[in-house]
2 protein chains.
Amino acid sequence: MMTIGKLSDTAGVKVPTIRYYEEIGLMPEPERTEGNQRRYVRAHLDRLNFIRHARDLGFSVEAIRDLLSLQATPDAPCHDADRIAADNLADVRAKIARLKKLEAELEHIVSECAGGRAGECNVLATLADHALCVTNHGHAHNPLDNVSN
Amino acid sequence: MMTIGKLSDTAGVKVPTIRYYEEIGLMPEPERTEGNQRRYVRAHLDRLNFIRHARDLGFSVEAIRDLLSLQATPDAPCHDADRIAADNLADVRAKIARLKKLEAELEHIVSECAGGRAGECNVLATLADHALCVTNHGHAHNPLDNVSN
DNA sequence: TCCTGAACCTCTAGTCCTTGGAGATTTAGG
DNA sequence: CCTAAATCTCCAAGGACTAGAGGTTCAGGA
Ligand SMILES: [Zn+2]
Ligand SMILES: [Zn+2]
Ligand SMILES: [Zn+2]
Ligand SMILES: [Zn+2]
């Protein structure tokens, strides 16, 4: 029998977060003492470790919800779990791709500036005008510039 | 003179977002018509483009706030702008590093599973036990496991 | 000049995933 | 039995938007 504090320390998940997981249904409602305090057993710890590990690996709460229900039916085929993981991998790769573009662009921006007056700063100049960018990072957009005044 | 809708289309920033930027002080309060509608001029568009471009490049709103005030004083030295950009670059690199670890780990997890029953799924098994991981991705944590029951 | 429908206004609340605090109660140890 | 630590519930914030409800204003055409 564990208090929420012990569970928190053991799993490395903050106490309010555990209560939050219970609220959104990721963690089951545990037994309570007569004084209404939560008491956890080993199975709760395992589940919480699973959740935290999956979160650390970038899975969304919704994905984890699905993974947990798959875990609960060991005889079902695991295609779904594999697909969820593959989707997450694809997400991670997409994020890396985007961040690499940013990295390249920021390297360029930073290296271009010799460090003079703000009025001639290439950092500021490039931020003011995407045309000075060397890559098509992020959500590009071409306005038609029919703007007077 | 532009309406907020025209500004929105031209800059590629949603109307509520423009109002939000005004609320948090990133965009100045524009002139209003007699009927209380916002009317923007060219300077507003330039500023909004700057903001959106910086956001696309990963700068935080706070960083942009600083960059904008630097832009307003062209005679000041630009060290601060350069440092803000360098910090952002460091942030982006840190994110990439973390995501690459996740990518490696997810590749491993996904490749390990032959696709059988959920009870033997390596995706689920690895999520349940970080010891099966090949890298030290994310926020590792070693519990002392003095847990009974 | 009037009408209409699109665009605008303010205000509130929701998103996602936690995290922190206030004030009241329970627990465990001495 | 007393006290200090931990727990309880409820509410709010964080970052950066986004979406609606309900009401008003604008611009183009008949
Ligand atoms: Zn500079
Ligand atoms: Zn750019
Ligand atoms: Zn599998
Ligand atoms: Zn792991």
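For the structure itself, consult the block above.
The structure displayed is predicted, hence computed values, not measured ones. (Residues numbered from 1 in each chain as written. Chains lettered and ligands numbered in written order. Predicted model: local features only at pLDDT ≥ 70, side-chain atom pairs only at ≥ 80, totals over all residues. Heavy atoms only, no water.)

## Observations concerning the protein's contact with DNA strand D
As a structural note, the neighbourhood of DNA strand D is formed by 19 residues, with Gly-5, Arg-19 and Arg-38 of chain A together with Tyr-21 and Arg-55 of chain B the closest of them. Between Arg-19 of chain A and DNA strand D, the recorded distance is 2.2 Å, taken from a side-chain N or O atom to a phosphate oxygen. Every element with two or more residues in the surface near DNA strand D is listed here: helix H1 (4-11) of chain A together with helix H2 (15-23) of chain B. The element that contributes the greatest number of residues to the surface near DNA strand D is H2 of chain B, accounting for 4 residues. A class-by-class count of the residues in the surface near DNA strand D yields 5 nonpolar, 9 polar and 5 charged. (Near = heavy atom within 4 Å. Polar contact = N/O pair within 3.5 Å; in protein donor to acceptor, adjacent residues only side chain to side chain. Helix = DSSP H or I, 4+ residues; strand = E, 2+ residues; numbered from the N terminus. Nonpolar A, V, L, I, M, F, W, Y, C, P; charged D, E, K, R; others polar.)

## Thoughts on the relation of the copies chain B and chain A
Here the two chain copies are tied together by a rotation about an axis and a shift along that axis. With an axial shift of 0.0 Å and an RMSD of 0.0 Å, the rotation relating chain B to chain A amounts to 180 degrees. Viewed as a symmetry operation, the transformation between the two copies matches a two-fold axis. Taking C-alpha positions as the reference, the residue of chain B nearest the rotation axis is Ile-96 of chain B, at 2.9 Å. (Least-squares fit on C-alpha atoms with pLDDT ≥ 70 in both.)

## Here we look at the coordination of the zinc ion (ligand 3)
Those donors, Cys-78 of chain A (SG), Asp-82 of chain A (OD), Cys-113 of chain B (SG) and Cys-121 of chain B (SG), are the protein atoms that reach the zinc ion (ligand 3), and they lie 2.1 to 2.3 Å from it. Taken together, the 4 donor atoms surrounding the zinc ion (ligand 3) define angles of 95 to 116 degrees at the centre, an arrangement classified as tetrahedral. Here the residue Cys-78 of chain A occupies a position in the loop between helix H4 (61-71) and helix H5 (79-112), and Cys-113 of chain B occupies one in the loop between helix H5 (79-112) and helix H6 (122-128), the pair thus bridging two chains. (Donors = N, O, S within 2.8 Å, 3.2 Å for Na, K, Ca; no water. Tetrahedral: all angles 85-135°; square planar, octahedral: opposite > 155°, others 65-115°.)

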